[in-house]
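Architecture and fold: a report
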Amino acid sequence: MQQAERDEVEMLSLMLLVRRFEERASQQYQSQKIGGFCHLYIGQEAVVVGAAAATRPDDYFITAYRDHAHALVKGTSANACMAELFGKETGCSKGLGGSMHFFDRKNHMYGGHAIVGAHVPLAVGMAFASKYRGEDRVTLCFFGDGAINQGAFHEALNLAALYKLPVLFICENNLFAMGTSVQRSTSLKQIVDRAEGYDIPADIVDGMNFREVRDKMAEIVGSIRKEPHPAFIEARTYRYRGHSMSDPASYRTKDELEKYRLDDPIIRLRAQLTREGKLTNEQFDKIDREAKEAALASVKFAEESAEPPLDKLYDYTFVNGSKR
Amino acid sequence: MREITYRQALNEALAEELERDPDVFLMGEEVAEYNGAYKVSQGLLERFGANRIIDTPISENGFAGMGIGAAMVGLRPVVEFMTFSFSLVAFDQVVNNAPNMLTMSGGQFNVPITFRGPNGPAHQLGATHSHATECLYANFPGLKICTPATPRDAKGLLKTAIRDNNPVLVLEAELLYSSKGMVEPPDEDLLIPLGQAEVKREGSDVSIICYAQTVPLALNAAQQLEEEDISAEIIDLRSIKPLDEQAIFNSVAKTHRVVIVEQDRPFCGVGAEISYRIQKNIFDELDAPVLRVSQEDVPMPYNERLEKAVLPNMERLMAAVKKVCYS
């Protein structure tokens, strides 16, 4: 297999890992092993996996609360992710963050943020730091269609454009902010037009198509590295489950859901690779089985892990000392 | 030691920390080309350049968050709010993102950011521009808060705040910017620890606990009280969080009477917390109830006389002291 083909099969495996992990998380939530809110990425895999394929490991990723996939693609283990959902001390945030606050400093995953839109200014600050240090690193800031109406989002876009910062804003438009459709919340005809208001170049991609996401992002990220500036992508995607585990999603029809299921990004990439002779059924079954096993193993790991100790309750409010 | 203004002291602190550490930068409205709305950042743009002294648009939430993001990846931003009344637009960033990041990330991301600017009432600025925000921010775990009242404290606390690896609010006071005081020369690296109060005047009959703008008021009162044979000990908190409880208790153990004079509003004000701690920890040392002198519980009116009546003033402070002295 060629490197590029191997890479695409690897990316398909990553999409499967996300899918099977999220399915497992859903099941564990229903068994009450996971508390609070749990927002699943099922159906949207091509967006973040395409982004991972288009970027370097040292590029910064930051997102809102539908964040399990972002951590997984940056390299956080399924074990650490499931343990975090279970609130265990082996979780990626030591059990102190939960589903909405996956962080992984080593792998450049900067959260996991729960207030809609509030992380977008953080992303601008991270991009500012890269430019300040003369790095060619790019910050990828993911958010949903609901975030584009929040004040913080607007302020952040203006700052990014004003200071010419190396940040790619990616709107994962799954058509609904909880139960409110884009048409019912947004005065513009297209989300991507928001960027125009800030003089930020913008593109629309089919978020159900891994190759289209990867190629467009790679092109844009490349141009940002050459000359720091912000850019905006509206990735049109769809979530196959409700907004969160508590949402029965009665605001959309069964027909609509069925229609989008035909666009399943995993099925599409599999079909493309198979048609091109780059993937056999046996190979697919193998990588799917491995994904399922990893997801199942993560549950066992989480169950067997310890709770964070009570006597460390005050240890994570402040760090000690000052610099030098 | 030489005499400089509070404003100059802050300017020196900023310049020294910018010089010392290339990761430090300053951002806020009018801090660069205008040299600061209150001239605190005078000359810094010229000396350190536009990459490090950055004018922002009027986007408090945006630039506060931007500072926090930069701090998450290791820079050390100093974010100026033109006044802390404007910080309320950035409240979500200051109370949700800055102090929570360390906990939410399981200890991975500390936020070495300093938010500074004038805080509290000034002269006839009206209800939206007169907020004393210390008690609001004090309620959020993960923030450190200091309130320098003198040039020396301003310099030493701001330098310490910038070097602290946690989010620190330096709540200055516009009405103190021109006040003068003795400060160590620039070649002495003046650092004053957070969480350490200072006895600004020793006394034996009553402890007056104060901070920021009420410090000069308390010192004036002490002068007048001396003429009436009441010896007041003035404790300048210097930091709200961490609070130097021990300094307070030491003083109360000596005098047995306390008046807290604070620039904020009474309900859930800083003095409420201090009163609770005093009666909880050293009840037996008290010879009188703890009294508080604060603003009146009304939105700040514009009219000059009314504003004076709202603010903690000499008349009310003297009356409170005499009450606890039963004189």
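Structure shown above.
These notes cover the structure that comes with them. (Residues numbered from 1 in each chain as written. Chains lettered and ligands numbered in written order. Predicted model: local features only at pLDDT ≥ 70, side-chain atom pairs only at ≥ 80, totals over all residues. Heavy atoms only, no water.)

Observations concerning the overall build of chain A
Secondary structure summary: chain A contains 12 helices and 7 strands in total. What you see for chain A is a C-alpha radius of gyration of 19 Å, in line with the 20 Å of a compact globule of 324 residues. Along the first, second and third principal axes, the C-alpha atoms of chain A reach 60 × 50 × 45 Å. With 324 residues in all, chain A has 56% of them scored as buried. Contacts spanning at least 24 positions in sequence make up 75% of the contacts within chain A whose residues lie at least 6 apart. Counting 42 positive and 45 negative side-chain charges, chain A places the centres of these two groups 1 Å from one another. (Helix = DSSP H or I, 4+ residues; strand = E, 2+ residues; numbered from the N terminus. Rg over C-alpha atoms; globule rule 2.2 N^0.38 Å. Buried < 20%, exposed > 50% of the residue type's maximum accessible area, 1.4 Å probe, protein only. Contact = heavy atoms within 4.5 Å. Lys, Arg positive; Asp, Glu negative; His and termini not counted. Charge placed at Lys NZ, Arg CZ, Asp CG, Glu CD.)

Side note on unusual backbone geometry
Residue G112(A) is bonded to the preceding G111(A) through a cis peptide linkage, with omega at 15 degrees. Position of G112(A) relative to the elements: it lies in the loop between helix 4 (78-85) and helix 5 (120-132). With an omega dihedral of 0 degrees, the bond running from K241(B) to P242(B) counts as a cis peptide bond. Positive phi is not limited to glycine here, since N35(B) has a value of about 65 degrees.

Comments concerning the interface of chain B and chain A
Tallying the contact residues gives 49 residues for chain B and 40 residues for chain A. Roughly 3700 Å² is buried in total at the junction of chain B and chain A, and carbon and sulfur atoms are behind 61% of that figure. For the chain B face of the interface with chain A, the top three residues by lost area are M66(B), V73(B) and M104(B), together amounting to 18%. Scanning the region where chain B abuts chain A turns up 0 salt bridges. Inspection of the chain B/chain A interface yields 18 residue pairs in polar contact (both at pLDDT 80 or more). Top element by residues in the side of chain B that touches chain A is helix 3 (residues 60-72) of chain B. It accounts for 10 residues. Taken together, the residues that form the side of chain B that touches chain A break down as 18 nonpolar, 20 polar and 11 charged. (Buried area = accessible area lost by both parts, 1.4 Å probe. Salt bridge = Lys/Arg side-chain N within 4 Å of Asp/Glu carboxyl O. Polar contact = N/O pair within 3.5 Å; in protein donor to acceptor, adjacent residues only side chain to side chain. Nonpolar A, V, L, I, M, F, W, Y, C, P; charged D, E, K, R; others polar.)

Here's the deal with the side chain of E262(B)
All names here are of chain B. Mapped onto the fold, E262 is located in the loop between strand 13 (258-261) and helix 10 (270-282). Here E262 falls in the buried class, since its relative accessible area comes to 0%. A polar contact is formed between the side chain of E262 and the backbone nitrogen of G271, at a distance of 2.9 Å.

Regarding helix 9 (residues 210-226) of chain A
Taking 1.5 Å of rise per residue, 17 residues should cover 24 Å, and helix 9 of chain A covers 24 Å from first to last C-alpha, within 8% of that figure. Measuring from the backbone nitrogen of R211(A) back to the side-chain oxygen at the start of helix 9 of chain A gives 3.2 Å, which picks out N209(A) as the cap. (Expected span 1.5 Å × (residues − 1).)

Considering the packing of aromatic side chains
All names here are of chain A. By the definition in use, this model includes 21 aromatic pairs over all chains. Note on Y238 and Y260: the rings are 3.9 Å apart at their centroids and 5 degrees apart in plane angle, and the pair reads as stacked. Of the two residues, Y238 is situated in the loop between strand 7 (231-236) and helix 10 (254-261) and Y260 in helix 10; the sequence distance between them amounts to 22 residues. A single burial state applies to Y238 and to Y260, both of which are buried. In this structure, R261 is placed above the aromatic ring of Y240, and the distance from its NZ or CZ to the ring centre is 4.6 Å. Just above the ring of F284 sits the side chain of R270; from NZ or CZ to the centre is 3.8 Å. (Phe/Tyr/Trp six-rings, centres within 6.5 Å; stacked < 30°, edge-to-face > 60°. Lys NZ or Arg CZ within 6 Å of the ring centre and 35° of its normal.)

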